[in-house]
Amino acid sequence: MLNDFDRRILRQMQADPGLSGTELADRMGLSAARLSRRVERLRDQKILRGPRAVINWRALGYEVEVSLRVTLDKTQPRAFDDFIDAARDIREVIEIQTFVGRVDVRLSVIARDMPHYQGIYRDQILALPHIADIEALMHVARIKSDESLPL
């Protein structure tokens, strides 16, 4: 699916996402038009999803991050759909993951401080449908957070 040249392009894009198309083409030894065609093909194949802003939410005053591991009442046929639809509406939920196993869903929740988190938890999280059990894990430190692939 990917040839070595495509891998080199993706490695360069991961290493320095701020590179302009012209700079990347120069590094790769390609014309800007040829690089553009290769990048477009990677997008068409859904390999490259495109640029995005990575925002430091701590710099915006969010000091608390909590992972909530949720077990749903699976006797309800729409438990997953109803829960996820409602969880998406909570602005402070920055990530939703589903699992097979003892835990069904994990939510990442950010808050300005503990009183703010307690309000989110009491007023919004506990109001989510079909919760059978919930466990909160307070984040202490993020040791590694890297979406780069070993290409």
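Per an unreviewed UniProt entry, the recorded name for the protein chain is Lrp/AsnC family transcriptional regulator, and the organism is Aliiroseovarius halocynthiae.

*Asks:* Please set out the side chain of glutamate 65 residue by residue, giving values where relevant.
*Replies:* Residue position: glutamate 65 is located in strand β1 (residues 64-72). A polar contact of 2.3 Å, which involves the side chain of glutamate 65, links it to the side chain of arginine 142. Contact partners of glutamate 65, with chain neighbours within four places excluded, come to Trp57, Ile94, Ser108, Val109, Ile110, Leu137, Met138, His139 and Arg142.

*Asks:* Tell me about the UniProt feature "domain: HTH asnC-type" (unreviewed entry) in the protein chain, and please be specific about residues and values.
*Replies:* UniProt annotation of "domain: HTH asnC-type" (unreviewed entry) refers to residues 2-63 when read in the numbering used here. Annotated as 53% helix and 0% strand, the span residues 2-63 places its first and last C-alpha atoms 40 Å apart.

*Asks:* Go over the environment of proline 129 with me, naming the residues and quoting the values.
*Replies:* Within the secondary structure layout, proline 129 lies in the loop between α5 (114-125) and β4 (131-138). Distance in space between the C-alpha atoms of proline 129 and alanine 79 is 7.3 Å, their sequence separation being 50 residues. Apart from residues lying up to four places away in sequence, proline 129 is in contact with Leu72, Asp82, Phe83 and Ala86.

What counts and how
- Residues numbered from 1 in each chain as written.
- Predicted model: local features only at pLDDT ≥ 70, side-chain atom pairs only at ≥ 80, totals over all residues.
- Heavy atoms only, no water.
- Helix = DSSP H or I, 4+ residues; strand = E, 2+ residues; numbered from the N terminus.
- Polar contact = N/O pair within 3.5 Å; in protein donor to acceptor, adjacent residues only side chain to side chain.
- Contact = heavy atoms within 4.5 Å.
- UniProt positions renumbered as here; feature names shortened; annotations may be inferred.

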